[in-house]
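So you can see what is in the structure, the chains are spelled out below.
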Amino acid sequence: MNTAQERVLRLAQDQGIRFIRLWFTDVLGMLKSVAITREELEVSFREGVGFDGSAIEGLTRVFEADMVLRPDPGTFQALPSRGAEQDTARMFCDIANPDGTASLADPRHVLRRALAKADELGFTFFTHPEVEFYLFEPQENPNSPPRPVDTGGYFDHVARGSTHDFRRSAISSLEEMGIAVEYSHHEAGPGQNEIDLRLADALTTADNLMTFRTVVKEIALQQGQLATFMPKPLADQPGSGMHTHLSLFEGDRNAFHDQGAQHGLSKVARRFIAGLLTHAAEITAITNQYTNSYKRLWGGAEAPSFVCWGLNNRSALVRVPAHKPDKAASTRIEYRAFDSAVNPYLGFAVILAAGLKGITEGYELPEATEDDVWELTHGERRAMGIEPLPRSLDAAIDVMERSELVADTLGEHVFRYVLANKRAECREYRSQVTPYERARFLGTL
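These numbers were taken from a predicted model, which means no experiment stands behind them.

Procedures and definitions
- Residues numbered from 1 in each chain as written.
- Predicted model: local features only at pLDDT ≥ 70, side-chain atom pairs only at ≥ 80, totals over all residues.
- Heavy atoms only, no water.
- Pairing = 2+ DSSP bridges.
- Helix = DSSP H or I, 4+ residues; strand = E, 2+ residues; numbered from the N terminus.
- Phe/Tyr/Trp six-rings, centres within 6.5 Å; stacked < 30°, edge-to-face > 60°.
- Buried < 20%, exposed > 50% of the residue type's maximum accessible area, 1.4 Å probe, protein only.
- Lys NZ or Arg CZ within 6 Å of the ring centre and 35° of its normal.
- Polar contact = N/O pair within 3.5 Å; in protein donor to acceptor, adjacent residues only side chain to side chain.
- Arc of directions from axis to C-beta.
- Contact = heavy atoms within 4.5 Å.
- Core = buried A, V, L, I, M, F, W, Y, C linked by side-chain atoms within 4.5 Å.

1. What to know about the pairing of strand β8 (residues 181-186)
- The sheet contact formed by β8 and strand β9 (residues 192-197) spans five bridges and is antiparallel. The residue bridging H186 from the neighbouring strand is N193, located in β9.
- Between β8 and β9, which follow one another and run antiparallel, lie five residues, and G191 among them has a positive phi close to 75°.

Right under this line is the structure:
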């Protein structure tokens, strides 16, 4: 048993922890959990915890069902004390095969492999997400339109609004679990909120996002509300994105910063951006994985629809925020396509792979776009070489299927599963007869 595992055993004893939830995700990024008692903790470190992988989306086939959870001691954290859950902690797990090898179907392993490639080049990958979500009143009829908890807008301070208390409760719970929050505020849509997590390495951020979504949903339920990370829950309101700030460090040095370069962007940063732009269409089925995601991407309200970059240009896919000249660590780029329903492990993996490809292949960065891209005509965008992102999940899957970069990053098992799962989602979506169609055509045709 190593030092980190021994530390967890001591913490569990000292904190009176009786139950430990072992967390992992399926390929779509849905959180899964199994609980063990403190008495089983040492055995779980030594032998792992077996489970039926064939029952989990995308992990394995029935005839090779046995899988093993390997708890990561670095992620041990007591859960916030509420009612009967005063004695419970959680740990994220890596998924292994019975012979001890890493499961190629484990999203956490996919990200670990991408981070290892960055490490070979001397880089550590940091991310800082801005997570948007909606709060709705509870629905007795699931077919009725959702009702936001307020009518507020961007940065509004809603008098006697419930979202102030909600965000305070959510942030307190996150901080109890060691997850640092930078900002929180009301977003542009009614009942829409944003909470920004502080910069962390990509694996930690991905784990934190899974915890974040769980905390937000549980607190909403406790307060008699429904929280959703659905990309576009309301047709006439902004969707929920997850604008994510990215940076590469070489030790303590920000590899994206060059004080003497234009805009303070190093050659590494410029090539990383070029990689994101070159491979943007290929990775969109991962960064925006649901049919509903494309109603956000093509629904306006500052969602990025076109492949370009700019300085403080919120219509661009990649934005370069203003950096502080006396603070090299602040130089970063922002990828704006992510929505809040992304599997963060797979999403960060493909983003990193695209950027590293730009660095290793020496991609040239095109000129920045300072125009409002949404206001340009089709001809103007075409003359400027600005291509659209895929307009639907169907189209995104078609592009991804031809991508060597995505196939290599995800590995064959995950790549093939995502393709099959998303094609099935598209078929099911196309078969639906919507309320819009009935209202528009039933009485007139």
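The discussion continues.
2. Let's talk about the packing of aromatic side chains
- Taken as a whole and assessed by the stated rule, the structure comprises 13 aromatic pairs.
- With 5.6 Å between their ring centres and 50° between their planes, F133 and F229 make a pair best called tilted. Taken as a pair, F133 in strand β7 (residues 124-136) and F229 in the loop between β11 (226-228) and β12 (242-250) lie far apart in primary sequence, 96 residues in all. Here F133 matches F229 in class, with each residue buried.
- Centre to centre, the rings of Y134 and F136 are 5.6 Å apart; their planes meet at 5°, and the pair counts as stacked.
- Residue F136 is classed as buried on the basis of its relative accessible area of 2%.
- Three or more aromatic residues joined by ring pairs make a cluster, and in this case those are F133, F166, F212 and F229.
- Lying across the ring of W298, R391 places its NZ or CZ 3.9 Å from the centre.

3. What about the side chain of H186?
- Note that H186 resides in strand β8.
- Separated by 2.9 Å, the side chains of H186 and D150 make a polar contact.
- Of the polar contacts made by the side chain of H186, one reaches the backbone oxygen of Q192; its length is 3.3 Å.

4. Some thoughts on helix α11 (residues 393-401)
- Those residues of α11 that sit buried are L393, A396, I397 and M400. Viewed end-on, α11 has its buried residues packed into an arc of 100°, placing them on one side of the element.
- For α11, the secondary structure elements touched by its buried residues are α7 (280-287), α8 (293-297), α12 (404-410) and α13 (412-430).

5. A few points about the pairing of β9
- In terms of residue burial, β9 counts as a mostly covered element, since six of its six residues are buried.
- Residues of β9 alternate between two faces, with Q192, E194 and D196 on one and N193, I195 and L197 on the opposite face, all of them buried.
- The sheet contact formed by β7 and β9 spans five bridges and is antiparallel. Looking at β9, one finds that F133 is bridged to N193.

6. Quick look at the nonpolar core
- Counting residues in each nonpolar core, the largest one holds 95 residues, and the members touching the most others are F125, L248, F272, Y335 and L410.
- Take this core: its biggest share by element is 11 residues, from helix α9 (residues 344-360).
- When neighbours within four sequence positions are excluded, F272 is seen to be in contact with F125, L246, L248, F256, I333, I351, L352, G355, L356 and I359.
- Of all hydrophobic cores here, the second largest spans 18 residues; its members include I17, I36, V49 and I95.

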